[in-house]
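# Examination of the molecular architecture
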Amino acid sequence: MAEEWRRQRSAHKLTSALQELEKQYSPSRWVVRVEPEEALRTFSGKGTEATKNAQATRRCQLHAPYGDGKGDRMDIYFPDVQSEALPFFLFFHGGYWQSGSKDQSAFMVDPLTAQGVAVAVVDYDIAPKGSLDQMVDQVTRSIMFIQKRYPCNEGIYLCGHSAGAHLASMVLLASWTEHGVVPNLRGLFLVSGIYDLEPFVHTSNNALLLLTLEDALRNSPQQRLDVAPAPPAGLACPILVMVGEHESPEFHRQSWEFCQTLCRGGWKASFKKLPDVDHFSIIENLTKKDYVVTQIIMKTISQKC
Ligand SMILES: N[C@@H](CC(=O)c1ccccc1NC=O)C(=O)O
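Residues numbered from 1 in each chain as written. Predicted model: local features only at pLDDT ≥ 70, side-chain atom pairs only at ≥ 80, totals over all residues. Heavy atoms only, no water.

### What to know about the overall build of the protein
Looking only at helices and strands, one finds 13 helices and eight strands in the protein. The C-alpha radius of gyration of the protein comes to 19 Å, within 12% of the 19 Å expected for a compact globule of 305 residues. Long-range pairs, those at least 24 residues apart, make up 75% of the contacts in the protein with a sequence separation of at least 6. Taking the 31 positively charged and 34 negatively charged side chains of the protein as two groups, their mean positions are separated by 3 Å. (Helix = DSSP H or I, 4+ residues; strand = E, 2+ residues; numbered from the N terminus. Rg over C-alpha atoms; globule rule 2.2 N^0.38 Å. Contact = heavy atoms within 4.5 Å. Lys, Arg positive; Asp, Glu negative; His and termini not counted. Charge placed at Lys NZ, Arg CZ, Asp CG, Glu CD.)

### Section: unusual backbone geometry
For residues besides glycine, phi is generally negative; the peptide bonds are generally trans as well. The amide bond that connects Ala 127 to the next residue, Pro 128, takes the cis arrangement and shows omega of 10°. Turning to its location among the elements, Pro 128 is positioned in the loop between β4 (118–122) and α4 (132–149). For Ser 192, which is not glycine, the phi dihedral falls at a positive 50°. Within the secondary structure, Ser 192 is located in the loop between β6 (185–191) and α7 (198–201). Ser 192 gets classed as buried once you look at its relative accessible area, which sits at 0%. (Buried < 20%, exposed > 50% of the residue type's maximum accessible area, 1.4 Å probe, protein only.)

### A word on the nonpolar core
Counting 60 residues, the largest nonpolar core has Ile 76, Trp 97, Ile 143, Ile 146 and Leu 158 as the members making the most contacts within it. Per-element tally for this core: the top contributor is α4, with eight residues. Setting aside residues up to four positions removed in sequence, Ile 143 forms contacts with Leu 90, Phe 92, Ile 156, Leu 158, Val 171, Trp 176, Pro 183 and Leu 185. Counting residues in hydrophobic clusters, the runner-up holds 33 residues, among them Phe 89, Phe 91, Ile 297 and Met 298. (Core = buried A, V, L, I, M, F, W, Y, C linked by side-chain atoms within 4.5 Å.)

### Things to note about the site of the ligand
Surveying the vicinity of the ligand reveals 13 residues, the closest of which are Ser 28, Gly 95, Tyr 96, Ser 162 and Ala 163. Note that an oxygen atom of the ligand is positioned 2.7 Å from one of the backbone N or O atoms of Gly 95. Ser 162 is positioned such that a nitrogen or oxygen atom in its side chain is 2.6 Å from an oxygen atom of the ligand. Against a free-state accessible area of 400 Å², the protein chains account for coverage of 84% of the ligand. Of the residues assigned to the shell around the ligand, the class counts are six nonpolar, seven polar and no charged. (Near = heavy atom within 4 Å. Polar contact = N/O pair within 3.5 Å; in protein donor to acceptor, adjacent residues only side chain to side chain. Areas by Shrake-Rupley, 256 points an atom, 1.4 Å probe, with all protein chains shown as cover. Nonpolar A, V, L, I, M, F, W, Y, C, P; charged D, E, K, R; others polar.)

### Section: the pattern of salt bridges
If you walk through the whole model with that rule in mind, you get 17 salt bridges. Note that Asp 133 is salt-bridged to Arg 218, the shortest N-O span being 2.9 Å. Here Asp 133 is found in helix α4, whereas its partner Arg 218 is found in helix α9 (residues 213–218), with 85 residues between them in sequence. With a relative accessible area of 33%, Asp 133 lands in the partly exposed category. (Salt bridge = Lys/Arg side-chain N within 4 Å of Asp/Glu carboxyl O.)

### Focus: the UniProt feature "domain: BD-FAE-like" (unreviewed entry) in the protein
In the numbering adopted here, UniProt assigns the feature "domain: BD-FAE-like" (unreviewed entry) to residues 74–173. Helix makes up 31% of residues 74–173 and strand 21%, and the two end C-alpha atoms of the span are 22 Å apart. (UniProt positions renumbered as here; feature names shortened; annotations may be inferred.)

### With respect to the packing of α4 against helix α5 (residues 163–170)
What describes two packed helices is the angle between their axes and the distance between those same axes. Between α4 and α5, whose axes approach to 9 Å, the crossing angle comes to 65°. Regarding the angle of α4 to α5, the classification is roughly perpendicular. When the axes of α4 and α5 are compared, the crossing they make is right-handed. Here Leu 132, Met 135, Val 136 and Val 139 of α4 come into contact with α5, specifically with His 166, Leu 167 and Met 170. Split into classes, the residues belonging to the contact of α4 with α5 amount to six nonpolar, one polar and no charged. (Axes fitted to C-alpha atoms, helices over the stretch in contact; angles between N-to-C directions. Parallel < 35°, antiparallel > 145°, perpendicular 65-115°, else oblique. Left-handed = near helix turned anticlockwise from the far one by under 90°.)

Here it is in structure tokens:
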């Protein structure tokens, strides 16, 4: 009898720990302004609208192939000035590596192109078509493509949201000399990312991705960078790790700990908790020129540090 009670009690503890983990890794459940479903709907609606607007108003090259794969595509939006010596801002969308696309992610195109920055919104093969290792490879190749095509660029700046911030941060582990091209990386903006993938493996979000613990470790910059060599001299660009006020404690922990790991490893990283925003509005607001993150991005680019 006591044995059965103990078994039930530990099964119950496990269930509630898993339920809590599920909640921590469900960003929409931490939004305070609207219901979770509404937050997700608004996010993709605003992204689609911003993309349509960008394509209707900016000079652009849509579906530019950065590789031979069907999914190796990016949309590039240009400022009015006709030059190849431009700063390039590459955006990697989120969606837990299983949703989202470039067609609903051109939030920042209007304010950045208006200020002389070329913006590339990058697609990659989300699950179940692509594996996480393949996505990391695609992101790496997309950066090489921009560097090779625009060798006179005035800096390549990477920005990723959520799962896209993870993909952008994995680039810090790339061995560029092996790839035969060293990109002119000048800054990383990591927004609401996840860098330690182990907890994610135990959530329902892993049902499509099917990451093993080994896959998760191999793709966790938090663990990998802790034991990686110091950044190569020319590559120590500024890295800004950002998280919204209205995000789960786990998302805050992920950003804070990753920033600490970067600093320990010799990277120029800083951490910013943004007031009044959640996992979705933190990116939606990039449509606005006067939003603090848009201003930080523009300041970083114009300082060319
Ligand atoms: N199922 C998730 C959706 C999600 O995480 C998400 C949605 C859009 C863009 C980024 C997301 N998260 C990380 O990539 C949620 O409940 O919030």
